[in-house]
Amino acid sequence: MDEVQARVEDLSHDGLGVIKVNDKVYFVDGVLPDELISFKPGKKRKGKFEGNAVEILEPSSQRVEAECEYFGICGGCALQHLESKSQIEYKEKILIDNLTRIGKVTSGEVLAPLKGDLWNYRRKARLGVKYVPKKGGIIVGFRERQSSFITSLQHCRTLDLRISNLLPSLHELITGLSNNTRIPQIEVAAGDHRVAMVLRHLESIFQSDIERLKEYAAINNVDFFTQSKGPDSVMPVGPGVPVPLRYRHDLFGIELEFNPLDFIQVNASVNQLMVKQAYDFLNPVASDRILDLFCGLGNFTLPLATSGADVIGVEGDSYLVNKGRSNAQINQIENASFEKLDLHAGDLSVLTGSGKFNKMLIDPPRSGAFQVVQEVVPMLQPERLVYVSCNPATLARDADVMVNHNGYTLTYAGAIDMFPHTAHVESMAVFDRS
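Residues numbered from 1 in each chain as written. Predicted model: local features only at pLDDT ≥ 70, side-chain atom pairs only at ≥ 80, totals over all residues. Heavy atoms only, no water.

K.L.:
What exactly am I supposed to notice about the overall build of the chain here?
P.N.:
Tallying secondary structure elements over the chain gives nine helices and 22 strands in all. Overall, the C-alpha framework of the chain stretches about 65 × 65 × 35 Å when taken along its three principal axes. Expressed as a percentage of the 434 residues in the chain, the buried residues total 53%. For the chain, long-range pairs separated by at least 24 residues make up 64% of all intrachain contacts whose partners lie at least 6 apart in sequence. For the chain, the distance from the average site of its 46 positive side-chain charges to the average site of its 54 negative ones is 4 Å. (Helix = DSSP H or I, 4+ residues; strand = E, 2+ residues; numbered from the N terminus. Buried < 20%, exposed > 50% of the residue type's maximum accessible area, 1.4 Å probe, protein only. Contact = heavy atoms within 4.5 Å. Lys, Arg positive; Asp, Glu negative; His and termini not counted. Charge placed at Lys NZ, Arg CZ, Asp CG, Glu CD.)

Written as structure tokens, this is what we have:
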């Protein structure tokens with residue numbers, strides 16, 4: 001189709017420019033609100049019309065030069081062309097719009113956004129691996145934007161610097177392995193003091209390859225693991241048991257252990273601020289009983305327990321429950337306990353058997369906590385509930401239940417910039433019993 005000139009009206013939830021032409025809405029990558037652009041209208045794909053930007057005729061005052069040479073190709077970032085202050089304002093707008101439109105609720109106060117490290121913040125990632133003869137052989141990196149191809153990265157501005165610096169040598173390492181066409185990914189994780197890598201392989205690895213991995217681990221001071229099937233198949237390549245990865249909550253004087261495949265919050269500096277803010281809102285004291293749902297390995301549970309309050313963490317994964325118990329023992333915290341329960345499909349009435357809880361924290365996955373707010377909150381009626389969300393749409397859906405059905409007040413809500421330069425919106429909401 002012919003090129004069209006139009007003004008960008010807004011940004012979508014995934015960072016695409018929204019343009020309306022002839023009663024059609026187009027989504028165009030790489031453009032910003034209020035910019036006049038020339039673009040080529042495309043076909044309808046996955047329920048929406050796409051467009052390809054040809055020229056920015058009138059750039060936005062908020063446009064900046066992307067700092068990464070791979071931006072626009074690599075799918076790891078979507079907003080490097082938007083100044084960082086405007087990025088968090090965009091995320092705050094997405095949050096408030098969702099609460100208003102989907103949840104039909106208004107926050108009593110919009111919190112100042114939580115912001116931390118903007119670059120080299122990402123301490124956990126999954127890198128794709130692909131053998132592409134036309135591109136010189138093995139490539140390692142993130143998937144391309146809106147594509148299944150992989151960007152060959154020699155560095156990454158968002159990855160922990162210790163991981164980013166190893167990208168060139170990872171290309172060389174995988175190239176030298178025998179079955180390198182049968183290696184789809186490398187999981188990388190960085191603790192405060194150690195870096196670990198998990199090599200996913202679809203065929204058996206020869207002993208000569210194991211020796212290469214051992215040598216690489218020793219030279220680069222990383223712990224290497226192999227994974228042939230599910231998480232239970234992860235095996236260290238070196239002799240003995242590797243030192244567990246750890247991250248510290250400095251404000252609370254505790255340290256949490258985790259394994260390379262465990263879920264942790266990827267931005268260490270923002271996680272510290274987020275946990276502190278949740279702690280301050282709950283204001284725990286020794287007489288409190290606090291329920292922490294979707295607790296994982298204890299990221300919120302154990303800091304809350306340092307107050308002396310009785311804190312129970314609940315998680316659907318037996319492995320994470322055991323990990324939480326282990327972290328409580330490591331930190332000599334006796335007033336925190338961890339229980340297993342499927343919080344999406346289990347019998348949540350059993351939670352009433354644990355007694356009365358006057359405060360609650362929930363940190364659910366992207367699917368939200370619909371069953372929890374429908375069943376658990378009316379049963380327990382905590383005086384205050386802190387909701388940490390990684391999806392503003394499901395937060396808004398659950399806020400509707402909390403406010404318009406359970407009778408709570410949305411006292412505070414605010415954005416959290418856990419993933420700078422991406423369109424991902426993390427947030428926190430505080431509900432009080434009316």
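K.L.:
Teacher, can you tell me more about the layout of surface pockets here?
P.N.:
Over the atoms rolls a probe the size of a water molecule, and in doing so it shows where empty space is left. Volume-wise, the second largest pocket comes out at about 420 Å³. Listing elements by their share of the lining of the second largest pocket, those giving two or more residues are β2 (10-11), α1 (84-101) and α9 (392-404). Within the lining of the second largest pocket, the residues separate by chemical class into nine nonpolar, five polar and five charged. (1 Å grid on protein atoms, 1.4 Å probe; cavity = no way out; pocket = protein on both sides within 12 Å on 5 of 7 lines; lining within 4 Å. Points joined across faces, edges and corners; volume = space filled by probe spheres on them. Nonpolar A, V, L, I, M, F, W, Y, C, P; charged D, E, K, R; others polar.)

K.L.:
Please clarify how empty space enclosed by the protein should be interpreted in this entry.
P.N.:
As enumerated under the stated definition, the model contains two cavities of 30 Å³ or more in all. Approximately 100 Å³ is the volume found for the largest cavity. Lining the largest cavity are 14 residues, with Cys 68, Cys 74, Cys 77, Gln 80 and Cys 156 positioned closest to its centre. Here the residues of the lining of the largest cavity are counted per class, giving eight nonpolar, four polar and two charged.

K.L.:
So what exactly am I meant to see when it comes to the pairing of strand β3 (residues 17-21) here?
P.N.:
Two faces, one strand: in a regular strand the side chains alternate between the faces of the sheet. Within β3, four of the five residues are buried, which leaves the element mostly enclosed by the surrounding structure. Relative to β3, β2 runs antiparallel, the two being bridged by two bridges. Looking across to β3, one finds that Asp 10 is bridged to Val 18. In this sheet, strand β4 (residues 24-28) lies alongside β3 in antiparallel orientation, the contact comprising five bridges. Looking across to β4, one finds that Gly 17 is bridged to Val 28. (Pairing = 2+ DSSP bridges.)

K.L.:
Looking at this structure, I do not really get the packing of aromatic side chains. What am I missing?
P.N.:
Centre distance and the angle of the planes are the two values used to describe a pair of aromatic rings. On inspection of all chains with the given rule, the structure shows six aromatic pairs. A ring pair is formed by Tyr 26 and Phe 49, whose centres lie 5.6 Å apart and whose planes are at 55°; its orientation type is tilted. Residue Tyr 26 is found in strand β4, and its partner Phe 49 is found in strand β6 (residues 48-58); the two are separated by 23 residues along the sequence. The class of Tyr 26 is buried, set by a relative accessible area of 5%. Of the aromatic side chains, those joined through ring pairs into one cluster are Tyr 26, Phe 39 and Phe 49. Between Arg 123 and the ring centre of Tyr 247, over which it is positioned, the NZ or CZ distance is 4.6 Å. Looking at Arg 157, its charged tip hangs above the ring of Trp 119, at a distance of 4.3 Å from the centre. (Phe/Tyr/Trp six-rings, centres within 6.5 Å; stacked < 30°, edge-to-face > 60°. Lys NZ or Arg CZ within 6 Å of the ring centre and 35° of its normal.)

K.L.:
Just to check I follow, could you spell out helix α3 (residues 167-175) for this structure?
P.N.:
Helical periodicity: at 3.6 residues per turn, an α-helix aligns residues three or four positions apart in one direction. Among all positions in α3, only Leu 167, Leu 170, His 171, Leu 173 and Ile 174 are buried. One side of α3 holds all its buried residues, which, seen down the axis, span an arc of 165°. (Arc of directions from axis to C-beta.)

K.L.:
So what exactly am I meant to see when it comes to the sheet that holds strand β19 (residues 359-362) here?
P.N.:
Strands pair in a sheet through their backbones, by hydrogen bonds, and they do so in one of two ways: parallel or antiparallel. Taken in spatial order, the eight strands make up an open sheet running β7-β21-β22-β20-β19-β16-β17-β18, and their pairing is mixed. The sheet terminates laterally at β7 (109-110) and β18 (336-340), the two strands that pair on one side only. Against the sheet, helix α7 (residues 318-330) contacts β17 (310-315) and β18, and its axis sits at roughly 170° relative to β18. Relative to the sheet, helix α8 (residues 370-380) contacts β16 (289-293), β19, β20 (384-389) and β21 (408-416), its axis offset from that of β19 by approximately 165°. (Axes fitted to C-alpha atoms, helices over the stretch in contact; angles between N-to-C directions.)

K.L.:
Is there a simple way to think about helix α5 (residues 268-282) in this case?
P.N.:
With 15 residues, α5 extends 21 Å from end C-alpha to end C-alpha; this agrees with the ideal 21 Å at 1.5 Å per step. All buried positions along α5 are accounted for by Val 270, Asn 271, Gln 272, Met 274, Val 275, Gln 277, Ala 278, Tyr 279, Phe 281 and Leu 282. Buried residues along α5 sit in contact with β14 (245-249), α6 (301-305), β19, β20, β21 and β22 (426-433). Once α5 ends, the next one or two residues include Asn 283, with phi positive near 45°. (Expected span 1.5 Å × (residues − 1).)

K.L.:
Help me understand the pattern of salt bridges, please; the structure alone is not making it clear to me.
P.N.:
Opposite charge on two side chains makes pairing possible when the charged atoms of those side chains draw close. Scanning the entire structure with this criterion turns up 27 salt bridges. For Glu 35, the salt bridge is made with Arg 63, and the minimal N-O distance between the two is 2.7 Å. Placement of the pair is Glu 35 in the loop between β4 and β5 (36-45) and Arg 63 in the loop between β6 and α1, with a sequence separation of 28 residues. Note that Arg 248 is salt-bridged to Asp 250, the shortest N-O span being 3.5 Å. Look at Arg 248 and you get partly exposed, because its relative accessible area is 34%. Several salt bridges converge on common partners, so that one network encompasses Asp 10, Lys 93 and Asp 97. (Salt bridge = Lys/Arg side-chain N within 4 Å of Asp/Glu carboxyl O.)

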